[in-house]
Structures are given as C-alpha cells and as structure tokens.
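For reference, the chains in residue letters:
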Amino acid sequence: MPKQAAPKQAVPVPSPRKKTPRETRATTPRTLAIDIGGSGLKALVLGPQGKALDERQRVKTPRPATPKAVLAALHALIKTLGDFERVSVGFPGVVDDGVTRTAPNLHPDWADFDLGAELHKMTKRPVRVLNDAGVQGFGVIEGKGVEMVLTLGTGMGCALYVDGKYVPNLELAHHPFHGKKTYEDYVGQAALERVGKKKWSKHVHKVLEQIQPIWNPRRIYLGGGNARLIDFELPKNVTVTDNVAGLLGGFALWKDEAVDE
Ligand code: BGC
C-alpha cells in the first residue's frame, strides 16, 4: 500500500499585537546621523540610547558638491537605511540655526542655504545641523573644563567646549599659521598629498605645539580620516578618536529631549 502523505498542519499565525507605550519608548526615538564630508557622505541610524543600530553607510561626495547634488545623494543614501524619528547633521562649514554660511571644501552655493529646512522637507522629521567638528566632539568629550577637537580630513575641523557646552563655529582652519598658509593649508588633505605622510605628521606636531600654549585645553581629541597617520608620540592630554564619533555625536544634539527610562 502506498504511503499516505501526512495531512498538512495549519500553522497558527499570531495576530499582530500593538506595541505597548513602554515597548515603543524602548525602541524610539531613533536618530538618523549624517556626516557631510569633503570626500564622503556618511549616515547611520542610532537607537534611543545612542548606539548604532546598523552598519554605517557611505557614498562619495558628488562633485561639484552643490547643495542640489549633495541633497540628491543624501536622498539615495537615506533610502538604504531603516526608520528614524529625528535627524542630526554634521556639516563642513559655518552653520547658524540650520543655515549653512560657508563650505570651503564643498561649493560656494552653500552660502546662506537653509539645509535644516531642506532636509526637513525631504525626511518630514525634525532636523538639527551643526558644524561637523562640533558634532564629532559631542561623541567624545568628557564635559569637563576646556576640551578641543581637531579633525584631520579634507579640511581641518576645530571645535571648542567649556564644561560640555559647545562654542560654535571656531574656524581655526582658516587662521594664518605659517607665513601666508593657514592651518588647513598646512595639515589638510591637499598638504598630505603634497608633502607625504612623514612630513605631514611633523606638520600636525607643529600645529599641536602652537595650539597647546594658546588655548590650554584640558584635553584635545584628534579625529577625521587622516588622524590615524600620525606617527609621533602624542602629548598626555591628546588622544586619537574613532572616526565613527562623527556620527555618534549626532545623538547628543538631542540630549535636551532625553528619553526617560
Ligand atoms: C571648515 C570647517 C570644517 C572643516 C572640516 C574647514 O575647511 O572651515 O568648518 O569643520 O573644514 O570639515
């Protein structure tokens, strides 16, 4: 007698249950953190405690890096990520209340561009925009005394904090440093390519020697993609930070809206 197939068992499908308010609080609000850089646009979604929920995504910064081109690239980048309830952006220039004033390594069209409003239109979420080094620092500072962040990437980012309070838009990058050269001319990406790693590292050393006795920061944090190329022993109060801090700091821009546990 041929074997009979066992009758198919109906698999019980659980009816979808609405999340309790407590469960919703545990998973939201999520922050979309964006870092606009001279060579790459990076994005990551952070959970309600500020931890990365996914892998960081990166695309090349379009050239010419006009607001229109960068917004189109960000739109495509954001689509690859999960949901979020709010947006933080680090921008490589002077930013006032979400309006970009300068962007030395992007394009002149960023002068007086309301990036906050444009991203709000795109995402339908509240948006906060700050200078990129400013955001980076929020991911690493201790919140005690004078702390300074220097980022070494396409440009030289600089951010200053006093007891955890950010002093916005300190553009040390464009201050004259060496003859007619500025700090950024001396340690930016173009200088690295021109003089090579060894000499560039010496330049960074000189920049630190110049900064320390003037600003007397309790701590200096070095970030940005090129910081890992430094080949001298750092002074005790100076540390190299992880590049992902540039995105993790985006969480702190919302600390006034902290979630109660
Ligand atoms: C800009 C800064 C920015 C830095 C790093 C400089 O050219 O003036 O605002 O933080 O580059 O992106």
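It should be emphasised that the depicted structure is a prediction, and the values quoted were computed from it without experimental measurement.

## Observations regarding the pattern of salt bridges
Taken as a whole and assessed by the stated rule, the structure comprises 9 salt bridges. Arg218 is paired through a salt bridge with Glu142; the nearest N and O atoms lie 2.6 Å apart. Remark: Glu142 occurs in the loop between α4 (132-138) and β9 (146-152) and Arg218 occurs in the loop between α7 (197-215) and β14 (219-223); sequence separation between them is 76 residues. According to the relative accessible area criterion, Glu142 is partly exposed, its value standing at 44%.

## Here we look at the site of the ligand
Taken together, the residues surrounding the ligand are Pro92, Gly93, Pro104, Asn105, Asn131, Asp132, Gly155, Met156, Gly157, Glu171, His174 and Glu184. In this structure, Gly93 approaches the ligand through a main-chain N or O atom, which is 3.3 Å from an oxygen atom. In the model, an oxygen atom of the ligand is placed 2.4 Å from a nitrogen or oxygen of the Glu171 side chain. About the coverage of the ligand: the protein hides 95% of its 310 Å² of free accessible area.

## Details of the sheet that holds strand β4 (residues 86-91)
Spatially, 5 strands are ordered β3-β2-β1-β4-β8 in an open sheet, and the strand pairing comes out mixed. Every interior strand has two partners, whereas the edge strands, β3 (57-60) and β8 (127-131), have only one. Mean inter-strand twist for the sheet, computed between neighbouring axes without regard to direction, equals 15°. Sheet analysis places β4 next to β8, joined by 5 bridges and oriented parallel. Across the sheet, the residue bridging to Phe91 is Asn131, located in β8. Running at roughly 40° to strand β2 (residues 40-46), helix α2 (residues 67-79) makes contact with β1 (31-36), β2 and β3 of the sheet.

## Some details on the nonpolar core
By size, the foremost hydrophobic cluster in this structure holds 27 residues, and its most contacted members are Leu32, Ile34, Ile36, Val89, Phe91 and Leu115. If you list the elements that add at least two residues to this core, you get β1, β2, α2, β4, α3 (115-123) and β8. Counting residues per element, this core draws most heavily on α2, which supplies 6 residues.

## Examining the layout of surface pockets
Gaps between atoms show up when a probe of the same size as a water molecule is rolled over them. By volume, the largest pocket is sized at about 620 Å³. Residue lining of the largest pocket: 37 residues in total, with Gly37, Gly38, Asp132, Gly153 and Thr154 positioned closest to the centre. Residue classes in the lining of the largest pocket are distributed as 10 nonpolar, 20 polar and 7 charged. Here the second largest pocket defines a volume of roughly 310 Å³. If you go around the second largest pocket, you meet 16 residues; those closest to its centre are Val129, Leu130, Phe138, Tyr166 and Pro168. Secondary-structure elements contributing two or more residues to the lining of the second largest pocket are β5 (95-96), β8 and β11 (165-167). The element best represented in the lining of the second largest pocket is β8, accounting for 3 residues. Residues that form the lining of the second largest pocket fall into these classes: 8 nonpolar, 4 polar and 4 charged. Both domains that meet at the lining of the second largest pocket, namely domain 1 (24-132) and domain 2 (141-240), each give it at least three residues.

The rules behind these values
- Residues numbered from 1 in each chain as written.
- Predicted model: local features only at pLDDT ≥ 70, side-chain atom pairs only at ≥ 80, totals over all residues.
- Heavy atoms only, no water.
- Salt bridge = Lys/Arg side-chain N within 4 Å of Asp/Glu carboxyl O.
- Helix = DSSP H or I, 4+ residues; strand = E, 2+ residues; numbered from the N terminus.
- Buried < 20%, exposed > 50% of the residue type's maximum accessible area, 1.4 Å probe, protein only.
- Near = heavy atom within 4 Å.
- Polar contact = N/O pair within 3.5 Å; in protein donor to acceptor, adjacent residues only side chain to side chain.
- Areas by Shrake-Rupley, 256 points an atom, 1.4 Å probe, with all protein chains shown as cover.
- Pairing = 2+ DSSP bridges.
- Axes fitted to C-alpha atoms, helices over the stretch in contact; angles between N-to-C directions.
- Contact = heavy atoms within 4.5 Å.
- Core = buried A, V, L, I, M, F, W, Y, C linked by side-chain atoms within 4.5 Å.
- 1 Å grid on protein atoms, 1.4 Å probe; cavity = no way out; pocket = protein on both sides within 12 Å on 5 of 7 lines; lining within 4 Å.
- Points joined across faces, edges and corners; volume = space filled by probe spheres on them.
- Nonpolar A, V, L, I, M, F, W, Y, C, P; charged D, E, K, R; others polar.
- Domains from an automatic or database assignment.

These values are about where atoms sit, not about what they do.
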